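Remarks on the overall topology
Letter by letter, the chains look like this.
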Amino acid sequence: MTALGAVFRPQLPPERLRALARLADETGLEELWLWEDCFREGGITTAAAALAWTERVRIGVGLLPVPLRNVAITAMEAATLHRMFPGRAVLAIGHGVQDWMGQVGARAESPLTLLREHLLALRALLAGERVTTRGRYVSLDGVALDWPPDGPVEVLTGATGPRTLRLTGEAADGTVLTAGTPSEGVRRARGLIDEGRRKAGRTGPHRVVVYLLTATGPDATARLRAELTDEGLADVPDLGVAGDAEAVAKAVQRLVDAGADTVVLQPTADEPDPEGFVRFVAQDVRPLVP
């Protein structure tokens, strides 16, 4: 069964999160995803609050930029969430937007090297290992978590370029693709991920999460077109969806057919009714997605 979620966009003030998280929980939405966009809202703080306010919905963070964090801090925060809310936290890490990383003096000369080192150390720490490593960016000396997760947990990685996609297959438990990824892009990403998996001899499951820019209501087409234009994506075919639940479900299915396991509906930044959007996803679209 395809997992379906929605995004709480950080263009909304953080005090709006409580009501939307509770609504997601009450309406049966499977996953509510949060972003750590500079310079809006912290991913771990919002995730912890949303998890505490709810009982069953999974809370994803897509994604935590690794240049901003020591890997030991990432591991401590991730382990704490997984122990307090078993099975409900979904965390993804990634390069972060390079311009933003430059603004705060954290831009790495080799983002791929940093991501690889952070990812490998993070997964080892969350597995309860004691880690000593001397990398180009990540350095640990006999570090182990006192309170690692009680069992295996997913570590997802955001990716766009071919080398990062291969890395996610090689070393991550799943991949997060942006809303700038059409169905054919998902298919290509799956191929690159699988290349990495074969290189590493990995045969276990690898979850692919794809955001789908979605607009519904009387002005849906105009809002979708405006956001794609603002993002420089107006000429990309098969990107985003505007329309009713049936149209959205068909767009979700195209991504699933291309290789997505989870589709997260991303409202436009100017969505006039965020609560209504959550209801739309949970009550109208979900029954149409197998």
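Residues numbered from 1 in each chain as written. Predicted model: local features only at pLDDT ≥ 70, side-chain atom pairs only at ≥ 80, totals over all residues. Heavy atoms only, no water.

Focus on helix α8 (residues 220-230)
What sets the pattern is the α-helix's 3.6 residues per turn: residues three or four places apart point alike. Going by this rule: Only protein chains enter the accessibility calculation, which uses a 1.4 Å probe. A residue is then buried if its area is under 20% of the maximum for its type, exposed if over 50%, and partly exposed in between. Every helix listed is a DSSP run of H or I at least four residues long, and every strand listed is a run of E at least two residues long, numbered separately from the N terminus. Directions are taken from the helix axis to each C-beta atom, and the arc is the one they span. Contacts are assigned to residue pairs that have any heavy atoms within 4.5 Å of one another.
Looking at α8, one finds that the buried residues are Ala 220, Arg 223, Leu 224, Glu 227 and Leu 228. Buried residues of α8, seen end-on, are gathered within an arc of 130° and therefore sit on one face of the element. In α8, the exposed positions that point more than 90 degrees away from the buried face belong to Arg 225 and Asp 230. In this structure, the buried residues of α8 make contact with β9 (207-215), β10 (241-242) and β11 (262-267). Note on α8: the residue one or two positions beyond its end, Gly 232, has a positive phi of about 75°.

Some words on the pattern of salt bridges
Note the threshold: Salt bridges are identified by distance alone: a Lys or Arg side-chain nitrogen within 4 Å of an Asp or Glu carboxyl oxygen.
Per the stated rule, a full pass over the model turns up 25 salt bridges. With a shortest N-O distance of 3.8 Å, Arg 58 and Glu 154 are connected by a salt bridge. Here the residue Arg 58 occupies a position in strand β3 (residues 58-65), and Glu 154 occupies one in the loop between β6 (139-143) and β7 (156-158), the gap between them amounting to 96 residues. Owing to a relative accessible area of 25%, Arg 58 belongs among the partly exposed residues under this scheme. Arg 83 serves as the salt-bridge partner of Asp 150, at 3.1 Å between the closest nitrogen and oxygen. Of the two residues, Asp 150 sits in the loop between β6 and β7 while Arg 83 sits in helix α3 (residues 71-84), which places them 67 residues apart along the sequence. Members of the salt-bridge network, linked through shared partners, are Glu 31, Arg 58, Glu 154 and Arg 207.

A word on the packing of helix α7 (residues 183-200) against helix α9 (residues 245-258)
Defined as follows: In this description, a line fitted to the C-alpha atoms serves as the axis of each element, helices being fitted only across the stretch in contact, and the angle between N-to-C directions of two axes falls anywhere from 0 to 180 degrees. Throughout, the term roughly parallel applies to angles under 35 degrees, roughly antiparallel to angles over 145, roughly perpendicular to angles from 65 to 115, and oblique to all others. Take the far helix as the reference: if the near one is turned anticlockwise from it by less than a right angle, the crossing is left-handed, and if turned clockwise, right-handed. In this classification, Asp, Glu, Lys and Arg are treated as charged, Ala, Val, Leu, Ile, Met, Phe, Trp, Tyr, Cys and Pro as nonpolar, and every other residue, Gly included, as polar.
Packing of α7 against α9 brings their axes to within 8 Å, and their N-to-C directions diverge by 20°. Classified by the interaxial angle, the pair formed by α7 and α9 is roughly parallel. Judged by the sense of rotation from one axis to the other, the crossing of α7 with α9 is right-handed. In contact with Ser 183, Val 186, Arg 187 and Arg 190 of α7, α9 contributes Arg 254, Leu 255, Asp 257 and Ala 258. Its residues assigned to classes, the contact of α7 with α9 comprises 3 nonpolar, 1 polar and 4 charged.

Things to note about the nonpolar core
In plain terms, the rule: What makes a nonpolar core is a set of buried Ala, Val, Leu, Ile, Met, Phe, Trp, Tyr and Cys residues whose side-chain atoms join them at distances within 4.5 Å.
Among the nonpolar cores identified, the biggest contains 77 residues, and Leu 126, Leu 265 and Val 285 are the most heavily contacted of them. When residues in this core are grouped by element, the largest group, 9 residues, is from helix α5 (residues 111-126). The contacts of Leu 265, once residues within four sequence positions are left out, are Gly 5, Ala 6, Val 7, Leu 212, Thr 214, Val 248, Val 252, Phe 277, Val 281 and Val 285. One finds Ala 92, Leu 156, Ala 215 and Leu 239 within the second-largest nonpolar core, a separate group that totals 17 residues.

Examining the packing of aromatic side chains
Quick reminder of the rule: Only Phe, Tyr and Trp rings are paired, with Trp represented by its six-membered ring, and only when their centres lie within 6.5 Å; those with planes under 30 degrees apart are stacked, over 60 edge-to-face, the remainder tilted.
One pass over the full model with this rule turns up 3 aromatic pairs. Arranged with centres 6.2 Å apart and planes meeting at 90°, the rings of Trp 33 and Tyr 211 form a pair that is edge-to-face. Here Tyr 211 lies in strand β9 and Trp 33 lies in strand β2 (residues 31-34), a separation of 178 residues in the sequence. Accessibility classification places Trp 33 together with Tyr 211 in one group, the buried group.

Some points on the packing of α5 against helix α6 (residues 162-171)
Following both chains from N to C, one finds α5 and α6 inclined at 15°, their axes separated by 11 Å at the closest point. With respect to α6, the axis of α5 lies roughly parallel. Of the two elements, α5 crosses α6, and the hand of that crossing is right-handed. Only Arg 163, Thr 164, Leu 167, Glu 170 and Ala 171 of α6 make contact with α5, whose side of the interface consists of Leu 112, Leu 115, Arg 116, Leu 119, Leu 120 and Arg 123. Per-class residue counts for the contact of α5 with α6 are 6 nonpolar, 1 polar and 4 charged.

Details of the side chain of Thr 54
Formally: We define a polar contact as two N or O atoms separated by no more than 3.5 Å, with the added condition that, inside protein, one atom must be a possible hydrogen donor and the other a possible acceptor, whereas residues neighbouring each other in sequence contribute only through side-chain atom pairs.
Mapping Thr 54 onto the fold places it in the loop between α2 (43-53) and β3. A polar atom in the side chain of Thr 54 sits 2.7 Å from the backbone oxygen of Ala 50. Aside from chain neighbours lying at most four places away, what touches Thr 54 is Ala 21, Arg 22, Asp 25 and Arg 88.

Function-wise, these values are silent; they only describe arrangement.
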